[in-house]
Amino acid sequence: MASKMKNRWIALYVENQVGVLAKVSGLFSGKSYNLQSLTVGTTEHEDVSRMTICVTSDDVTFEQIKKQLNCMVEVIKVMDLTDVPIHMKEILFAKIKKIDCLQKQEVYQIANVFDQGGSVEITDIGEDSILMECMLTERRNNELIALLKKQFKHVEVVRGGAVAIESISTSCR
Amino acid sequence: MDITGRKLFVKALQEEGVDTIFAYPGGMIIDIVDELYKTEGMHVVLPRHEQALVHEAEGYAKATGKVGVCLVTSGPGATNAITGIADAHYDSIPLVVFTGQVSQNLIGNDAFQEVDIVGMTRSITKYGVTVKDRKDLGRIIKMAFQIATSGKPGPVVIDIPKDIQTKSGSPDYPDHVDIRGYKPNETVHIGQLKKAFKMLRHAKRPLILAGGGVNIARAGDLLVEFAEKMQIPVVTTIMGKGAMPTDHVLYIGNSGMHGKYASNKAISECDVLFSIGTRFNDRITGDLNEFAPRAKIIHVDIDAASISRNVVVDVPITADARLALEKLAEYADEPMDTTKWMNQIMKWDDEYPLDMRRDRGLCPQIIMEEINKAFPEGIVVTDVGQHQMWATQYIDMPAGKKFITSGGLGTMGFGFPAAIGAKIGSPDKPVVCITGDGGFQMNMQEMAMAITEKLPLVVCIINNRYLGMVRQMQQIFYGKRYEITYLGKELDESGKCVAETEEPEYAPDFVKWAESYGAKGIRVTSVDEVGPALVEAAKATDAPVVIEFMIASEEIVLPMVKGGNPISEMILK
Ligand SMILES: Cc1ncc(C[n+]2csc(CCOP(=O)(O)OP(=O)(O)O)c2C)c(N)n1
Ligand SMILES: [Mg+2]
């Protein structure tokens, strides 16, 4: 009966206090939930933080995760973004090292192609390396990394984790 | 006029109506302790270990229905309390645990006796916080009491740095605080309840499974009323024991790993299972795929997260047990015809009743029966092990009698201190502690406190010279290799325990031990001494009586379901 494992998204409003992040992340480790990414930042209210959480789970576990989060005194609101129209982006830096001129050209081309539906910029360049700054969906970032790793030997990657917000249409309803 | 944090602390307790506090001193709470010295009408009790301190507060809370209040120092004081806090968490007992903390300018320095107790207890508390600002102290204490006692009760840890205790600030203690992220469920979905009732009404073989939530909500009377009106039989979990009087015609018995045959059979054969106040712990369900395989399941629980977690249910109802039963009573019109079903259950019970062999000397069942006779009312508290299971099987529970045990965490060392706490909370009720020779030794130092508090409670040590519950598994599943379960001295040349020695030497001598504290000690070795010893013990007025019952090491708890097996597959002999 177990339903499919898939990625699911939660937006979580929490008290902006010390220990809350530890408590939320501790729930995932303590109960062996498969956490993919978790980002946190303050909101328009300085005493409220918003987390964007991605987990891989089946339906039953996901229901349980939402309930467990709801139980926490510091959690103000749990929103399930899994099947809701949202805007989502993740920042990614990729440094491609030890490359020659021709390979630099190639990086530019790749940047160009990936620049759609987000933004990819070359923000720094050196004698034999290039730094890309990408603002794409998580999946697009995954694809980009896969490609870079296939084409080049020395790739250094830093990812920020995704942040997401509901589309205007849904939040107005 | 501003007052110090320590003064506000005491004021807060007074406004909360706290008259008893379990406290163990240390440098980081000495200021509060000093303030308590100056306070009239507060019973400050001194346990002898912080783990026991928390169990005492649990026993007190269970016996009185009030919140148990604990005060321990930072560092080792706080870490010692952790097992008790976890126990309260898994059995939903309302506690407010105050821990001292080093001054804020030292936090993070690995200062002397600094530990991050809030971090350490995060997964075993309902809420925990370090007070960082004197102006928040009143609000945080109020929050602690609100959270611990409302919704599904549980322990709250409030960590108070030393500088906060001495700093001046507002004298105000709020009546109520709004907590935006905390909304305990105080309603019941009528539509769901009607649906549940209809389903139950149409059942041929209906069954009610009552868990600890019914006792916590003090809804036993309503449960009985509903079951009677509808003529539906009732089984309980261990924590639900006492929700219905055990001699009631509709009461079958406990279910689960060491439940009654008829109870587990009834769960396996019923067509609608109305479960209330249980989280379907694995000790209750056994193999989940085979749990109540023929039944539609209705599940009432205050905790939304407990519903459809282990057992997928047909009708989920998030509600307090008392509220749900109050509403249900309105629908209960005419009795259902359950005669045939009841007869079937009786037949199962006749086939395999709970009954122990009586040819091995002092039989545990006889001890429990005599305890029933000597203590028909009051409070029975158990430790963890075989003796606990015998108590759950054979202790009678007339209406009003209380049964206190560590169910969720199964904490050895719980029983004796919890009994002390229960007696402090209910001095007029007889309190009997049923404990094992192993578990008793985990907190026996509390005898000092029982003596200084002049508590006439009766401690029944079921002495089998073994960590019996583990020995039982070694006996049945591990080829009788009794490694590290023998508590005595006798060893063979290879250093192993000698299992079948006639009169093995054991340690300690509990009778002499009790006497050394000024308590009374009685050793019982034969059946005809059991009753008189208990009658004698019941006469105690100002000190505990310890009765040591010498039973055979070979006694085992039956029936038994092997962990992970279906509850319908019981080892009966
Ligand atoms: C703190 C703790 N440690 C270990 C266990 C595992 N355990 C469960 S029952 C038991 C044996 C208890 O022995 P005793 O107190 O003599 O009771 P008996 O089973 O013999 O009646 C043990 C070791 C536990 N439940 N709690
Ligand atoms: Mg024992």
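Asks: Which parts of the structure should I look at to understand the sheet that holds strand E10 (residues 234-236) of chain B?
Replies: Residue and element names in this part refer to chain B. Spatially, six strands are ordered E11-E10-E9-E12-E13-E14 in an open sheet, and the strand pairing comes out parallel. Unpaired on one side and paired on the other, strand E11 (251-254) and strand E14 (315-318) mark the two borders of the sheet. Direction aside, neighbouring strands of the sheet carry axes that sit 15 degrees apart on average. Note that strand E12 (residues 272-276) and strand E13 (residues 296-301) share five bridges and pair parallel. When the sheet's bridge partners are listed, Ser 275 is paired in E13 with His 299. Strands strand E9 (206-210), E12, E13 and E14 of the sheet are contacted by helix H8 (residues 190-201), whose axis makes an angle of about 135 degrees with E14. Those strands touched by helix H10 (residues 220-230) are E9, E10 and E12, and its axis lies near 175 degrees from that of E9.

Asks: Is there a simple way to explain the packing of helix H3 (residues 101-114) of chain A against helix H4 (residues 138-151) of chain A in this structure?
Replies: What describes two packed helices is the angle between their axes and the distance between those same axes. Residues and elements named next belong to chain A. Relative to each other, H3 and H4 sit at 165 degrees, their axes nearing to 12 Å. In terms of orientation, H3 and H4 fall into the roughly antiparallel class. Where H3 crosses over H4, the two elements pack in a sense that is right-handed. Here H3 contributes Glu 106, Ile 110, Val 113 and Phe 114 to the contact with H4, which in turn contributes Arg 140, Glu 143, Leu 144, Leu 147, Leu 148 and Gln 151. Taken together, the residues that form the contact of H3 with H4 break down as six nonpolar, one polar and three charged.

Asks: Is there a simple way to think about the site of ligand 1 in this case?
Replies: All names here are of chain B. Contacts to ligand 1 come from 17 residues, most closely from Gln 386, Gly 410, Asp 437, Gly 439 and Gly 468. The contact in question runs from an oxygen atom of ligand 1 to an N or O atom on the backbone of Gly 438, over 2.8 Å. Side-chain polar atom of Asn 464 to an oxygen atom of ligand 1: 2.9 Å apart, as the coordinates give it. Here ligand 1, which alone exposes 580 Å², has 76% of that area covered by the protein. For the shell around ligand 1, the secondary-structure elements that each account for two or more residues are helix H16 (386-394) and helix H19 (468-477). Residues belonging to the shell around ligand 1 are distributed by class as follows: seven nonpolar, nine polar and one charged.

Asks: Which parts of the structure should I look at to understand the coordination of the magnesium ion (ligand 2)?
Replies: Ideal donor angles around a metal are set by the shape: a four-donor tetrahedron calls for 109.5 degrees, a six-donor octahedron for 90 or 180 degrees. Residue and element names in this part refer to chain B. Surrounding the magnesium ion (ligand 2) are the protein donor atoms Asp 437 (OD), Asn 464 (OD1) and Tyr 466 (O), at 2.0 to 2.1 Å. Counting gaps between the donor residues of the magnesium ion (ligand 2) yields the pattern D-x26-N-x1-Y. Note that Asp 437 is positioned in the loop between strand E17 (431-436) and helix H18 (447-452) and Asn 464 in the loop between strand E18 (458-463) and H19, a separation of 27 residues in sequence. Looking at Asp 437, the relative accessible area reads 4%, which means it is buried.

Asks: Can you walk me through unusual backbone geometry in this structure?
Replies: Trans is the prevailing form of peptide bonds, just as negative phi is the prevailing case for residues other than glycine. Note that the residue after Leu 558 of chain B, namely Pro 559 of chain B, is joined by a cis bond; omega there is -5 degrees. Residue Asp 110 of chain B is not a glycine yet carries a positive backbone phi of 55 degrees.

Asks: How should the environment of Met 368 of chain B be read in this particular structure?
Replies: Residues and elements named next belong to chain B. The topology assignment puts Met 368 in helix H15 (residues 364-374). Residues Met 368 and Cys 460 lie 92 residues apart in sequence; the distance between their C-alpha atoms is 10.0 Å. Not counting residues within four places of it along the chain, the set of residues in contact with Met 368 comprises His 387, Trp 390, Ala 391, Tyr 394, Ile 395, Ile 434 and Ile 462.

Asks: I keep staring at the side chain of Asn 372 of chain B and nothing clicks. Help me out?
Replies: Residue and element names in this part refer to chain B. Locating Asn 372 in the fold gives a position in helix H15. In terms of polar contacts, Asn 372 uses its side chain to reach the backbone carbonyl oxygen of Tyr 394, at 2.9 Å. Within polar-contact distance, the side chain of Asn 372 engages the backbone nitrogen of Asp 396 at 2.9 Å. Discounting chain neighbours no more than four positions away, the residues touching Asn 372 are Tyr 394, Ile 395, Asp 396 and Lys 401.

Asks: Honestly, the interface of chain B and chain A in this entry has me stumped. Any pointers?
Replies: Many authors give the size of an interface as the accessible area that is lost as the parts come together. Counting residues at the interface gives 18 residues for chain B and 18 residues for chain A. Buried area between chain B and chain A, both sides added, is near 1400 Å², and the carbon and sulfur share of it is 51%. Here chain B and chain A share two salt bridges between them. Across the salt bridge formed by Arg 180 of chain B and Asp 47 of chain A, the nearest N and O atoms sit 3.1 Å from each other. At the junction of chain B and chain A, the tally comes to five residue pairs in polar contact (both at pLDDT 80 or more). Where the side of chain B that touches chain A is concerned, the elements lending two or more residues are strand E6 (127-130) and helix H6 (137-149) of chain B. For the side of chain B that touches chain A, the residue count by class is eight nonpolar, three polar and seven charged.

Asks: Before we go on, may I ask you to explain the sheet that holds strand E5 (residues 95-101) of chain B in this structure?
Replies: By way of backbone hydrogen bonds, the strands of a sheet pair with one another, either parallel or antiparallel. Residues and elements named next belong to chain B. The strand order across the open sheet formed by six strands is E3-E2-E4-E5-E7-E6, and the pairing between neighbours is parallel. Edge positions in the sheet fall to strand E3 (43-45) and E6, since each has one partner strand and no second. For this sheet the average axis-to-axis angle between neighbouring strands, irrespective of direction, equals 20 degrees. When strand E4 (residues 68-72) meets E5, the two strands line up parallel, connected through five bridges. Directly across from Cys 70, in E5, lies its bridge partner Val 97. Together, strand E2 (20-23), E4 and E5 form the strand contacts of helix H3 (residues 50-64), whose direction differs from that of E4 by roughly 165 degrees.

Asks: Could you clarify how one ought to interpret the domain arrangement of chain A in this entry?
Replies: Residue and element names in this part refer to chain A. Assigned domains within chain A: domain 1 (6-80) and domain 2 (87-166). Each of domain 1 and domain 2 has a C-alpha centre, and the two are 28 Å apart. Across the boundary between the two partners, domain 1 contributes six residues, which contact nine residues of domain 2. Sorting the residues of domain 1 by area buried against domain 2 places Trp 9, Thr 39 and Arg 50 first, and these three jointly supply 60% of that buried surface. Counting the contacts that link domain 1 with domain 2 gives one salt bridge. One salt bridge in this structure joins Glu 166 and Arg 50, with 3.1 Å as the shortest N-O distance. At the junction of domain 1 with domain 2, the criterion picks out four residue pairs in polar contact (both at pLDDT 80 or more). Listing elements by their share of the side of domain 1 that touches domain 2, those giving two or more residues are strand E2 (34-42) and strand E3 (48-57). Here the side of domain 1 that touches domain 2 is composed, by residue class, of two nonpolar, three polar and one charged.

Asks: Whenever I open this one, the side chain of Glu 35 of chain B confuses me. Can you help?
Replies: All names here are of chain B. With respect to the helices and strands, Glu 35 occurs in helix H2 (residues 30-37). What makes Glu 35 buried here is its relative accessible area of 7%. Setting aside chain neighbours within four positions, we find Glu 35 in contact with Arg 6, Lys 7 and Val 10.

Asks: Would you explain the pairing of E12 of chain B in this entry?
Replies: Successive residues of a regular strand alternate their side chains across the two faces of the sheet. All names here are of chain B. Buried residues dominate E12, accounting for five of its five residues. The side-chain alternation of E12 yields two buried faces, one formed by Val 272, Phe 274 and Ile 276 and the other by Leu 273 and Ser 275. As judged from the five bridges shared by E9 and E12, these two strands associate in the parallel manner. Pairing of Ala 210 across the sheet is with Ile 276, part of E12.

Asks: Explanation requested: the domain arrangement of chain B in the structure shown.
Replies: Residue and element names in this part refer to chain B. As far as domains go, chain B holds domain 1 (3-169), domain 2 (190-351) and domain 3 (364-550). If you average the C-alpha positions of domain 1 and of domain 2, the two centres end up 37 Å apart. Facing the nine residues of domain 1 at the interface are seven residues of domain 2. Counting the surface lost from both domain 1 and domain 2, the interface buries some 660 Å², and carbon and sulfur atoms represent 53% of this. Across the pair Asp 303 and Lys 152 runs a salt bridge whose closest N-O atoms are separated by 3.6 Å. The interface formed by domain 1 and domain 2 holds one residue pair in polar contact (both at pLDDT 80 or more) in total.

Conventions we followed
- Residues numbered from 1 in each chain as written.
- Chains lettered and ligands numbered in written order.
- Predicted model: local features only at pLDDT ≥ 70, side-chain atom pairs only at ≥ 80, totals over all residues.
- Heavy atoms only, no water.
- Pairing = 2+ DSSP bridges.
- Helix = DSSP H or I, 4+ residues; strand = E, 2+ residues; numbered from the N terminus.
- Axes fitted to C-alpha atoms, helices over the stretch in contact; angles between N-to-C directions.
- Contact = heavy atoms within 4.5 Å.
- Parallel < 35°, antiparallel > 145°, perpendicular 65-115°, else oblique.
- Left-handed = near helix turned anticlockwise from the far one by under 90°.
- Nonpolar A, V, L, I, M, F, W, Y, C, P; charged D, E, K, R; others polar.
- Near = heavy atom within 4 Å.
- Polar contact = N/O pair within 3.5 Å; in protein donor to acceptor, adjacent residues only side chain to side chain.
- Areas by Shrake-Rupley, 256 points an atom, 1.4 Å probe, with all protein chains shown as cover.
- Donors = N, O, S within 2.8 Å, 3.2 Å for Na, K, Ca; no water.
- Buried < 20%, exposed > 50% of the residue type's maximum accessible area, 1.4 Å probe, protein only.
- Buried area = accessible area lost by both parts, 1.4 Å probe.
- Salt bridge = Lys/Arg side-chain N within 4 Å of Asp/Glu carboxyl O.
- Domains from an automatic or database assignment.

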